[in-house]
Amino acid sequence: MAKTEAVFIYIGTYPSEAAARDDYGVVKDLHAGGAVGTYDAAVVTKDDAGKVHVNKHGAWGGAAVGAVVGILFPPSLIVGAAVGAAVGGVGGHLWRGMSRADVKEFGDVIDAGQAALVIVGESKVEQAVEKAGLKAEKHVAKELDVSPKDVDKALQEAAGEVS
């Protein structure tokens with residue numbers, strides 16, 4: 001059972017970037033329909049050189065997904081991801097909410113697929129994702145002991161530093 005105040009992470013893998021983008025569209029529609037609160041989502045791919053690409057972001061502007069990707073992959077592999085204070089501050093909150101086993105499990109899922117959909121959001125995203133019937137070949141979903149308010153605050157603080 002989801003807590004009322006927690007951050008939820010979902011990572012699903014797909015046979016193609018197009019399939020991942022289709023489910024990204026489903027999540028975006030859920031948000032537009034009010035079924036999903038604050039969230040961040042992105043399609044993540046790896047190219048032939050092993051570089052990780054992050055595309056398409058939700059309401060948290062990419063910082064939350066960028067933070068998850070930054071935890072899972074060395075910075076030298078990440079191309080075009082949000083970097084800097086926002087990712088650092090958000091990453092600190094998310095990192096404290098994950099065990100080493102969680103990090104390994106999330107990283108293993110992304111490595112297994114050609115493309116992935118990464119969703120980070122409030123706990124009510126969990127119920128919406130379960131009901132939506134996303135078409136990932138494999139997925140891992142975890143609720144972290146992190147408050148969405150703390151993530152929002154870290155984003156606001158980072159935005160103030162960048163301004």
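Provided above is the structure to which this section pertains.
These lines cover the structure that appears in this document, whether it is placed above or below. Remember, predicted model here, so these are calculated numbers, not experimental data. Within any chain, residue numbers begin from 1 and follow the written order of that chain's sequence. Side-chain atom pairs in this predicted model are given and counted only at pLDDT of 80 or more, local residue features only at pLDDT of at least 70, and totals for whole chains, interfaces and linings cover all residues. Remark: hydrogens and water are excluded; side-chain values derive from all non-hydrogen atoms of the structure.

Salt bridges are counted wherever a side-chain nitrogen of Lys or Arg sits within 4 Å of a carboxyl oxygen of Asp or Glu. In total, this model carries four salt bridges according to the counting rule given. Two residues, R21 and E17, come together in a salt bridge whose shortest N-O distance is 2.5 Å. With a gap of four residues between them, R21 and E17 both fall in helix α1 (residues 17–32), about one helical turn apart. When a residue's accessible area, from a 1.4 Å probe over protein chains only, is under 20% of the maximum for its type it is buried; when over 50% it is exposed; and in between it is partly exposed. Look at R21 and you get partly exposed, because its relative accessible area is 29%. On the basis of relative accessibility, which here comes to 31%, the residue E17 falls in the partly exposed class. In this structure, E105 engages K142 in a salt bridge whose closest nitrogen and oxygen atoms are separated by 2.8 Å. Placement of E105 in helix α4 (residues 100–112) and of K142 in strand β6 (residues 138–144) is noted, with a sequence separation of 37 residues between them. Among the residues examined, E105 registers a relative accessible area of 34% and is labelled partly exposed. The partly exposed category is assigned to K142, whose relative accessible area is 22%. In the salt-bridge network here, residues are joined through shared partners; they are D102, E105 and K142. Strands are runs of DSSP state E lasting at least 2 residues, helices are runs of H or I lasting at least 4, and numbering of each runs from the N terminus.

On to the nonpolar core. Buried Ala, Val, Leu, Ile, Met, Phe, Trp, Tyr and Cys residues that are joined via side-chain atoms within 4.5 Å together make up what is termed a nonpolar core. Of all hydrophobic cores here, the largest spans 31 residues; its most connected members are I11 and L94. Those residues in contact with I11, other than ones at most four positions away along the chain, are V68, L72, F106, V109, I110, A116, L117, V118, K138, H139 and V140. F8, V36, Y39 and L117 belong to the second-largest nonpolar core, a separate cluster that totals 18 residues. Whether two residues are in contact is decided by their heavy atoms: any pair within 4.5 Å suffices.

What follows covers the pairing of strand β5 (residues 115–122). Across the eight residues of β5, seven count as buried, placing the element largely inside the fold. Here, any two strands with at least 2 DSSP bridges between them count as paired. In terms of strand pairing, strand β1 (residues 7–14) meets β5 through eight bridges, oriented antiparallel. Each residue of the ladder has a partner; that of T13, found in β5, is A116. Inspection of the sheet shows strand β2 (residues 39–46) paired to β5 by seven bridges, in the antiparallel sense. By the bridge assignment, Y39 is partnered in β5 with G121.

Here we take up the sheet that holds β1. Read across the sheet, six strands follow the order β4-β3-β2-β5-β1-β6 without closing on themselves; strand pairing throughout is mixed. Both edges of this open sheet fall to β4 (78–79) and β6, since each of them pairs with a single strand only. With seven bridges connecting them, β1 and β6 associate as antiparallel partners. What sits directly across from Y10, in β6, is A141. Along the sheet, α1 contacts β1, β2, β3 (52–55) and β5; its crossing angle with β2, the most-contacted strand, is approximately 175 degrees. Only the stretch in contact is used when fitting a helix axis, every axis being a line fitted to C-alpha atoms; angles between N-to-C directions are given from 0 to 180 degrees. Across the face of the sheet, helix α2 (residues 63–72) comes into contact with β1, β2, β3, β4 and β5 while running at roughly 45 degrees to β2.

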